[in-house]
Amino acid sequence: MKKIGFIGYGSMSSMLVSKMLQHQTLKEEQIYIYSRSQHEGVSRFKNCHPAVTLTSTADELAANCDVVFICVKPFDVKEVVKGIAPRLTSVKHVISIAAGVTTEQLARLISAPVSKLMPSVTSEVDAGVSLVVHHEQVTEQQKEALTQMLEAFSLVKVIHEQDLDAATNLTGSSPAYFSAICETFVEATLSKSQLRATDAYEMVLEALLGTAQLLKQKQMTFAETIDRVATKGGITEEGVNILQAHLPPAFDELVTRTLDKYTAFQKQVDMQ
Ligand SMILES: NC(=O)C1=CN([C@@H]2O[C@H](COP(=O)(O)OP(=O)(O)OC[C@H]3O[C@@H](n4cnc5c(N)ncnc54)[C@H](O)[C@@H]3O)[C@@H](O)[C@H]2O)C=CC1
Ligand SMILES: O=C(O)[C@@H]1CCC=N1
């Protein structure tokens, strides 16, 4: 039975571990966790899952595990990986979830094959996409094992690293973008109506959910959905025209600025 370790127990790794346990892709006995701050969340998790091993150092975790997930913030990756590099031999598999740290940067520091995973917070409700990139040495067995761990609660897409940052905007980051759009929509509506905020929130939430279900279940395109709702010469068409006039420059800037930030991260993390 392979031992699977998670370094860093924050928002993303706690979601991944809980989901893997819930869907029984991992057993408690297989799981090792090391987090710098052994905060309340870690002890609560250990109380619920007594067979999980909490290690006192990252080195102890790396020494014991076959697969090591690096789940710390991008600027903490270098310190973590350098500290455990001698343990990360070619028979192990390292999977980093840090945005803006490339598999190439990691591969220069360690002998173990490296993959990158970009999870999405939406997998908390068994939705969303897990983006995966494999560096050269990852074996077919390791690729398959990672896919199996993820596919119970997400759609797994294996892509080329050159597209990872652009794709992450559409997956891991997009719940924040959709939320920001809905928040602005609700605020504008509240400023011109007597609706209660809770009702407005519920209305937009149900509409968002329904739109996603229509698109998915009826396999409607975005254009078809717009066409179904925006009657020619009607009210919605007026609104769609406003969005189509103002959103392209906003999204163009969003994509440009976020991709520039990934490039800046890659330079700043300095994995030498
Ligand atoms: N939040 C999201 O939706 C997504 C986040 N990511 C990536 O996931 C990574 C983690 O993000 P979050 O879980 O949101 O962060 P977080 O701040 O919730 O968790 C990071 C954890 O790492 C621990 N830590 C920090 N330095 C450490 C060290 N030297 N050794 C051991 N543990 C250490 C912290 O105590 C904390 O528990 C980031 O690199 C981020 O780029 C990727 C995709 C989506
Ligand atoms: O915002 C971030 O840095 C990470 C990357 C994808 C989602 N959260």
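Here the residue numbers are simple positions, counted from 1 along each chain's written sequence. Following the order in which they are written, the chains are lettered starting with A and the ligands numbered starting with 1. Local features in this predicted model are restricted to residues of pLDDT 70 or higher, and side-chain atom pairs are both shown and tallied only at a pLDDT of 80 or more, whereas totals for entire chains, interfaces and linings draw on every residue. Note: side-chain values were computed over all heavy atoms of the structure, leaving out hydrogens and water.

By the naming in an unreviewed UniProt entry, the protein chain is Pyrroline-5-carboxylate reductase, taken from Pullulanibacillus camelliae. Heading Sequence similarities (unreviewed entry) of the UniProt record for the protein chain holds this comment: "Belongs to the pyrroline-5-carboxylate reductase family." For the record of the protein chain, the UniProt heading Pathway (unreviewed entry) holds the text "Amino-acid biosynthesis; L-proline biosynthesis; L-proline from L-glutamate 5-semialdehyde: step 1/1." UniProt positions are given in the numbering used here, feature names are shortened, and annotations may be inferred rather than shown by experiment.

Draft legend 1. Examining the pattern of salt bridges more closely. Salt bridges are counted wherever a side-chain nitrogen of Lys or Arg sits within 4 Å of a carboxyl oxygen of Asp or Glu. The tally for this structure, following the rule as stated, stands at 8 salt bridges. Note that K232 is salt-bridged to D227, the shortest N-O span being 3.8 Å. In this structure, K232 and D227 share a single accessibility class: exposed. Salt bridges sharing common partners tie together R36, D76 and E79. Residue burial is assigned from relative accessible area. The probe radius is 1.4 Å, only protein chains are included, and a residue is buried under 20% of its type maximum, exposed over 50%, and partly exposed in between.

Draft legend 2. The arrangement of the sheet that holds strand β6 (residues 114–118) in detail. Two strands are said to pair when DSSP picks up at least two bridges between them. By the criteria applied, helices consist of DSSP H or I runs no shorter than four residues and strands consist of E runs no shorter than two, each listed in order from the N terminus. Strands sit in the order β3-β2-β1-β4-β5-β6-β7-β8 across an open sheet of 8 strands; the sheet is mixed. Strand pairing shows two members of the sheet lacking a second neighbour, β3 (53–54) and β8 (155–158), which therefore form its edges. Relative to β8, strand β7 (residues 129–134) runs parallel, the two being bridged by 4 bridges. Residue S130 lies in a different strand from β8, and its bridge partner there is V156. Against the sheet, helix α1 (residues 11–22) touches β1 (4–7), β2 (31–34), β4 (67–70) and β6, its axis set at about 155 degrees to β1. Residue contacts are counted whenever heavy atoms from the two residues lie within 4.5 Å of one another. Between the N-to-C directions of two axes lies an angle of 0 to 180 degrees, each axis being a line fitted to C-alpha atoms and, for a helix, fitted only over the stretch in contact.

Draft legend 3. Region of interest: the site of ligand 1. Being near a molecule or strand, for a residue, means having at least one of its heavy atoms within 4 Å of it. Near ligand 1 lie 23 residues; those nearest to it are S11, M12, R36, S37 and V72. In protein, a polar contact means a hydrogen-donor-capable atom and an acceptor-capable atom, both N or O and within 3.5 Å, with residues adjacent in sequence counting only if both atoms are side-chain atoms; elsewhere, any N or O pair within 3.5 Å suffices. Here M12 contributes a backbone N or O atom positioned 2.8 Å from an oxygen atom of ligand 1. Taking S35, its side chain carries an N or O atom lying 3.2 Å from an oxygen atom of ligand 1. Accessible surface is estimated by sampling points in the Shrake-Rupley manner with a 1.4 Å probe; for residues, cover comes only from the protein chains shown. Against a free-state accessible area of 840 Å², the protein chains account for coverage of 82% of ligand 1.

Draft legend 4. Spatial organisation of the UniProt feature "domain: Pyrroline-5-carboxylate reductase dimerisation" (unreviewed entry) in the protein chain. Mapped onto this numbering, the UniProt entry annotates "domain: Pyrroline-5-carboxylate reductase dimerisation" (unreviewed entry) at residues 161–262. As a span, residues 161–262 carries 79% helix and 0% strand, and end to end its C-alpha atoms are 12 Å apart.

Draft legend 5. Focus on the UniProt feature "binding site: NADP(+)" (unreviewed entry) in the protein chain. The positions that UniProt labels "binding site: NADP(+)" (unreviewed entry) are, in the present scheme, I7, G8, Y9, G10, S11, M12 and S35. Considering the C-alpha atoms alone, the annotated residues occupy 29 residues of sequence yet fold into one spot, their largest mutual distance being 12.6 Å. Among the structural elements, S11 can be located in helix α1. Among the residues examined, S11 registers a relative accessible area of 57% and is labelled exposed. By the secondary structure assignment, M12 is in helix α1. In this view, M12 contacts I97, P119, S120 and V121; residues no more than four positions away in its chain are not counted.

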